[in-house]
Amino acid sequence: MIIKDFKKGQLVFVVYMYKGRTEEAKIYERYVEKVGRKYVYDDRGHKYIESHIIENGLYEDCETGEHGYLFNSEIKAKEFIEKDKLNTWLTCLRAYGNKYSLEQLRKVKKILES
C-alpha cells in the first residue's frame, strides 16, 4: 500500500498492537486529514509513512510510544492482527515442546515452504 492509495476525508483504520502488555490489539476509526508526498496525516495529528514493516498499510512515524499501523479498510486491519497472532503462535510452538507429533510438524513445514 502506498500513500497515493489514501484520500483526504477518507475513513481509515489505525491498529495499535500493545505488544508486551496485557491489553489486546485495538482498531480505531480515523479520517485522513491530509495526504502529502511523504506522509498521510489523520484527524488526530498522527502521521504515517510507507514502510517495509507492513504489507497493506502505513507505519506511524513517531519517536516514542506505541506505533500505529494505518489501513484503508477494516478487513486489512483485522488481517494484520490475525497474522501477528499466527506468527506469535508459530514462534511458541518450540517453547511448548512435544505437544505436536513429528508428522504434524512436517506437514506444517511443508505447507509453509510451498
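Here is what the cut-offs are and how they apply
Residues numbered from 1 in each chain as written. Predicted model: local features only at pLDDT ≥ 70, side-chain atom pairs only at ≥ 80, totals over all residues. Heavy atoms only, no water. Pairing = 2+ DSSP bridges. Helix = DSSP H or I, 4+ residues; strand = E, 2+ residues; numbered from the N terminus. Axes fitted to C-alpha atoms, helices over the stretch in contact; angles between N-to-C directions. Expected span 1.5 Å × (residues − 1). Buried < 20%, exposed > 50% of the residue type's maximum accessible area, 1.4 Å probe, protein only. Phe/Tyr/Trp six-rings, centres within 6.5 Å; stacked < 30°, edge-to-face > 60°. Lys NZ or Arg CZ within 6 Å of the ring centre and 35° of its normal. Core = buried A, V, L, I, M, F, W, Y, C linked by side-chain atoms within 4.5 Å. Contact = heavy atoms within 4.5 Å. Salt bridge = Lys/Arg side-chain N within 4 Å of Asp/Glu carboxyl O.

Chemist: How should I be thinking about the sheet that holds strand S6 (residues 68-71) in this particular structure?
Modeler: Strand-to-strand pairing in sheets goes through backbone hydrogen bonds, with the strands running parallel or antiparallel. Pairing within the closed barrel is antiparallel, and its six strands lie in the order S1-S2-S3-S4-S5-S6. Shown here is a sheet whose adjacent strand axes are inclined to one another by a mean of 40°, direction ignored. Alignment of strand S5 (residues 58-60) against S6, held across two bridges, turns out to be antiparallel. Considered in S6, the bridge of Tyr59 is made with Tyr69.

Chemist: Could you clarify how one ought to interpret helix H2 (residues 102-113) in this entry?
Modeler: Because each turn of an α-helix spans 3.6 residues, side chains separated by three or four positions in sequence point in the same direction. In a regular helix each residue adds 1.5 Å, so twelve residues correspond to 16 Å; H2 covers 16 Å between its end C-alpha atoms and thus fits that length. Burial analysis of H2 places just zero of its twelve residues in the buried class, which makes it a mostly uncovered element.

Chemist: Sorry, what's going on with the packing of aromatic side chains here?
Modeler: Remark: the centre distance and the inter-plane angle together describe each pair of aromatic rings, the angle taken between the planes. Applying the stated criterion across every chain yields a total of six aromatic pairs. Arranged with centres 5.3 Å apart and planes meeting at 45°, the rings of Phe71 and Phe80 form a pair that is tilted. One exposure class covers both Phe71 and Phe80, and it is buried. Members of the aromatic cluster, joined through ring pairs, are Tyr59, Tyr69, Phe71 and Phe80. Directly above the aromatic system of Tyr39 lies the positively charged group of Lys47, at a separation of 4.5 Å from the ring centroid.

Chemist: Explain the nonpolar core to me, please; I cannot follow it from the model alone.
Modeler: Generally speaking, nonpolar side chains in soluble globular proteins are found buried as a group. Within the largest apolar cluster, eleven residues are counted, these being Ile3, Phe6, Val12, Val14, Tyr16, Tyr18, Val32, Val40, Tyr48, Leu58 and Leu70. When sequence neighbours within four positions are dropped, the list of residues in contact with Tyr48 reads Val14, Tyr16, Lys38, Tyr39, Val40, Asp42, Leu58, Tyr59, Glu60, Asp61, Gly68 and Leu70. If you look at the next biggest cluster of nonpolar residues, it comprises ten residues, including Phe13, Val15, Phe80 and Ile81.

Chemist: Which parts of the structure should I look at to understand unusual backbone geometry?
Modeler: Its identity is not glycine, yet Tyr18 carries a phi of approximately 55°, on the positive side. Assessed through its relative accessible area of 11%, Tyr18 is described here as buried.

Chemist: Help me understand the pattern of salt bridges, please; the structure alone is not making it clear to me.
Modeler: Once their charged atoms are close, side chains differing in charge can pair, the charge on each being opposite to the other. A complete count under the given rule lists seven salt bridges for this structure. Lys19 serves as the salt-bridge partner of Asp84, at 2.6 Å between the closest nitrogen and oxygen. Of this pair, Asp84 sits in helix H1 (residues 74-95) while Lys19 sits in the loop between strand S1 (11-16) and strand S2 (26-35), and the two are 65 residues apart along the sequence. The salt bridge involving Glu103 is made with Arg106; its shortest N-O contact spans 4.0 Å. One end of the pair is Glu103 and the other is Arg106, both in helix H2 and three residues apart, which spans about a single turn.

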